[in-house]
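Topology and contacts: notes
Residue strings, one per chain:
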Amino acid sequence: MPLYLSRFSYTPETWGRLIKSPEDRRKAAQAYIESVGGKLHGFWYAFGSHDGYTLWEAPNNVSMAAVALAISGGGALSALETTVLMSVEETMEALQKAQQIKYQPPGT
């Protein structure tokens, strides 16, 4: 199954609610991804441009997109970015396929 790295940031209101009533959000994240047949591999909070990171496994892009849309639509986040991660083997396969593409740069 494909792996996905998500970077998220909470709204100030969400941080306020979590300060008032601390909650382990890993449980919610796990339930979301399991509802589409996936698995949560990790959940971390961080300093920097994003408040946290998750590593998910999902059956396909549509399933992961459904989870991301549901979370984004909930209003607790100010940002959510998800990146599909490729294995080295997949990248090697893509490199081999790229050899077959006759790319021509613009203006040449």
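A brief look at the structure comes next. Source: prediction; values computed, not measured.

Calculation rules
- Residues numbered from 1 in each chain as written.
- Predicted model: local features only at pLDDT ≥ 70, side-chain atom pairs only at ≥ 80, totals over all residues.
- Heavy atoms only, no water.
- Core = buried A, V, L, I, M, F, W, Y, C linked by side-chain atoms within 4.5 Å.
- Buried < 20%, exposed > 50% of the residue type's maximum accessible area, 1.4 Å probe, protein only.
- Helix = DSSP H or I, 4+ residues; strand = E, 2+ residues; numbered from the N terminus.
- Salt bridge = Lys/Arg side-chain N within 4 Å of Asp/Glu carboxyl O.
- Phe/Tyr/Trp six-rings, centres within 6.5 Å; stacked < 30°, edge-to-face > 60°.
- Arc of directions from axis to C-beta.
- Contact = heavy atoms within 4.5 Å.
- Pairing = 2+ DSSP bridges.
- Axes fitted to C-alpha atoms, helices over the stretch in contact; angles between N-to-C directions.

With 13 residues, the main nonpolar core has Tyr10, Ile33, Leu40, Phe43, Trp56 and Met64 as its most contacted residues. Of all the elements in the fold, those that place two or more residues in this core are β1 (3-10), α2 (26-34), β2 (39-45) and α3 (61-72). When residues in this core are grouped by element, the largest group, three residues, is from β1.

Let us now look at the pattern of salt bridges. Tallied over the entire structure, the rule returns four salt bridges. For the salt bridge of Glu23 with Arg25, the shortest nitrogen-to-oxygen distance reads 2.6 Å.

In this section: the packing of aromatic side chains. A complete count under the given rule lists seven aromatic pairs for this structure. An angle of 70 degrees between the planes, with centres 5.3 Å apart, marks the rings of Phe43 and Tyr45 as edge-to-face. Judged by relative accessible area, Tyr45 falls into the partly exposed class, the value being 41%. These aromatic residues form a ring-pair network of at least three members: Phe8, Tyr10, Trp15, Phe43 and Tyr45.

Since the α-helix packs 3.6 residues into each turn, any two residues three or four apart lie on the same face. Those residues of α2 that fall on the buried side of the exposure criterion are Ala28, Ala29 and Ile33. Viewed end-on, α2 has its buried residues packed into an arc of 125 degrees, placing them on one side of the element. Looking at the buried side of α2, the elements it contacts are β2, β3 (52-57) and α3.

Here we come to the pairing of β3. One ladder, built from six bridges, connects β1 with β3; its direction is antiparallel. Opposite Tyr4, over in β3, you have Trp56 as the bridge partner. In textbook terms, the turn of a hairpin is the stretch between consecutive antiparallel strands, and for β2 and β3 this stretch comprises six residues, one of which, Gly48, has a positive phi near 125 degrees.

Secondary-structure assignment places Gly52 in strand β3. According to the relative accessible area criterion, Gly52 is buried, its value standing at 0%. With 16 residues separating them along the chain, Gly52 and Val36 place their C-alpha atoms 22 Å apart. Apart from the residues lying within four places of it in its own chain, the contact partners of Gly52 are Ser6, Arg7, Phe8, Trp44, Tyr45 and Ala46.

Before going further, it helps to spend a moment on the sheet that holds β3. Spatial ordering of the open sheet is given by β2-β3-β1-β4, a layout of four strands whose pairing is antiparallel. Looking at which strands have only one partner, the edges of the open sheet turn out to be β2 and β4 (77-85). When strand polarity is set aside, the average angle formed by the axes of neighbouring strands in this sheet is 15 degrees. In terms of strand pairing, β2 meets β3 through six bridges, oriented antiparallel. By the bridge assignment, Trp44 is partnered in β3 with Tyr53. Contacting β2 and β3, α2 runs over the sheet at an angle of about 150 degrees to β2.

Without other data, these values stay purely geometric and don't point to any function.
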